[in-house]
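So you can see what is in the structure, the chains are spelled out below.
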Amino acid sequence: MPKVDWVAGLHQVGGRYFFTDFEQPAFIPKENLLQAAVGNAVRVQNVSIVHTFTASATLLANTTFGYNRQRGGSLSGAPFSFRDAGVNIAGPQDSELKAPPSLNLGITGAFGIGTGHNGDFDRSSFTFREVVTKVLGRHEIRFGGEACPVGGRAQAQLPRFSK
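Residues numbered from 1 in each chain as written. Predicted model: local features only at pLDDT ≥ 70, side-chain atom pairs only at ≥ 80, totals over all residues. Heavy atoms only, no water.

Considering the side chain of threonine 64
Our working rule: Secondary structure elements follow DSSP: runs of H or I of four or more residues count as helices, runs of E of two or more count as strands, with numbering from the N terminus. Only protein chains enter the accessibility calculation, which uses a 1.4 Å probe. A residue is then buried if its area is under 20% of the maximum for its type, exposed if over 50%, and partly exposed in between. Pairs of residues are marked as contacts when any of their non-hydrogen atoms sit within 4.5 Å.
Counting through the fold element by element, threonine 64 comes out in strand 4 (residues 59-75). Overall, the relative accessible area of 17% leaves threonine 64 in the buried class. Residue contacts for threonine 64: discarding those within four places in its chain leaves Ile49, Val50, Thr127, Phe128 and Arg129.

Observations regarding a nonpolar patch on the surface
Applied cut-off: Like charges within 9 Å and nonpolar side chains (Val, Leu, Ile, Met, Phe, Trp, Tyr) within 5 Å are joined into patches, using only residues over 30% in relative accessible area that form no salt bridge. Only the protein chains shown count as covering a residue, and every accessible area follows the Shrake-Rupley method with a 1.4 Å probe. Salt bridge criterion: a side-chain nitrogen from Lys or Arg within 4 Å of a carboxyl oxygen from Asp or Glu.
Residues Ile49, Phe65, Tyr67, Phe126 and Phe128 make up a contiguous nonpolar surface patch of roughly 420 Å² in combined accessible area. Every element with two or more residues in the nonpolar patch is listed here: strand 4 and strand 7 (119-136). Mapped onto the elements of the fold, phenylalanine 65 is located in strand 4. Classification of phenylalanine 65 as partly exposed rests on a relative accessible area of 31%.

Remarks on the side chain of threonine 127
Its place among the elements puts threonine 127 in strand 7. If we ignore the near neighbours within four places in the chain, the residues touching threonine 127 are Thr64, Phe65, Gly66, Glu146, Ala147 and Cys148.

Re the confidence of the model for the protein
How we decide: Confidence per residue, as judged by the predictor, is encoded in pLDDT with a range of 0 to 100.
Residues at a pLDDT of 70 or more form 92% of the protein, whose mean pLDDT is 83. Mean pLDDT across the secondary structure elements of the protein bottoms out at strand 9 (residues 150-156), with 62, and peaks at strand 8 (residues 139-147), with 95. A low-confidence stretch, residues 157-163 stays under pLDDT 50, and its non-local contacts, those more than four residues away or across chains, total 17 contacts.

Structural notes on the environment of phenylalanine 126
Looking at where phenylalanine 126 falls in the secondary structure, it is placed in strand 7. Take phenylalanine 126: its relative accessible area is 34%, and that puts it in the partly exposed class. Spatially, the C-alpha atom of phenylalanine 126 lies 5.4 Å from that of glycine 66, the residues being 60 residues apart in sequence. When near neighbours in sequence (up to four residues on either side) are disregarded, phenylalanine 126 contacts Phe65, Gly66, Tyr67, Ala147, Cys148 and Pro149.

Things to note about the pairing of strand 7
For a regular strand, side chains alternate in direction, first toward one face of the sheet and then toward the other. Using the following cut-off: Strand pairing is assigned whenever DSSP detects at least two bridges linking the two strands.
Pairing of strand 4 with strand 7, which is carried by 14 bridges, proceeds in the antiparallel orientation. Each residue of the ladder has a partner; that of glutamine 70, found in strand 7, is arginine 123. Linking strand 7 to strand 8, which pair antiparallel, is a turn of two residues; within it glycine 137 sits at a positive phi near 65°.

Thoughts on the pattern of salt bridges
Note on pairing: side chains with opposite charge can pair once their charged atoms come close. This structure, assessed with the given rule, holds seven salt bridges. Aspartate 122 is paired through a salt bridge with arginine 71; the nearest N and O atoms lie 3.6 Å apart. Taken as a pair, aspartate 122 in strand 7 and arginine 71 in strand 4 lie far apart in primary sequence, 51 residues in all. When its relative accessible area of 40% is taken as the criterion, arginine 71 is described as partly exposed. Salt bridges sharing common partners tie together Lys3, Asp5 and Arg16.

This is how it looks when you write it as structure tokens:
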């Protein structure tokens, strides 16, 4: 995570950048279906910039900007679908996404199979914040605002079918 700080007179500016590429492959068992496990492939990036202006010994303005982005999602660990096993039911391959198979079944008090599902998540958000602090004797007054719009798309293999 690179970090940069700069100080000049009444101004202080700092910047940071974070990046990670996380991959955990789905485990698709060949012999024991109960061992199936969901996988993930996610890239996350974050950048932040902070500016602090000291107008006087009792007045401080702090401006923050941050941007976050996530790309990737979950991976199914199912070697086949319920339909492939002979069950007459709509499956992920019948959805508009034409997703790979997914097996999720739970028997209360006995066992469960949870292979996860394919999910494609492309999310981003940014934050802009301004806070002004004024010290008056023994009192401190803060006022400011923040904007945090969130955007992106998310597609998950869910049991919603158009057929």
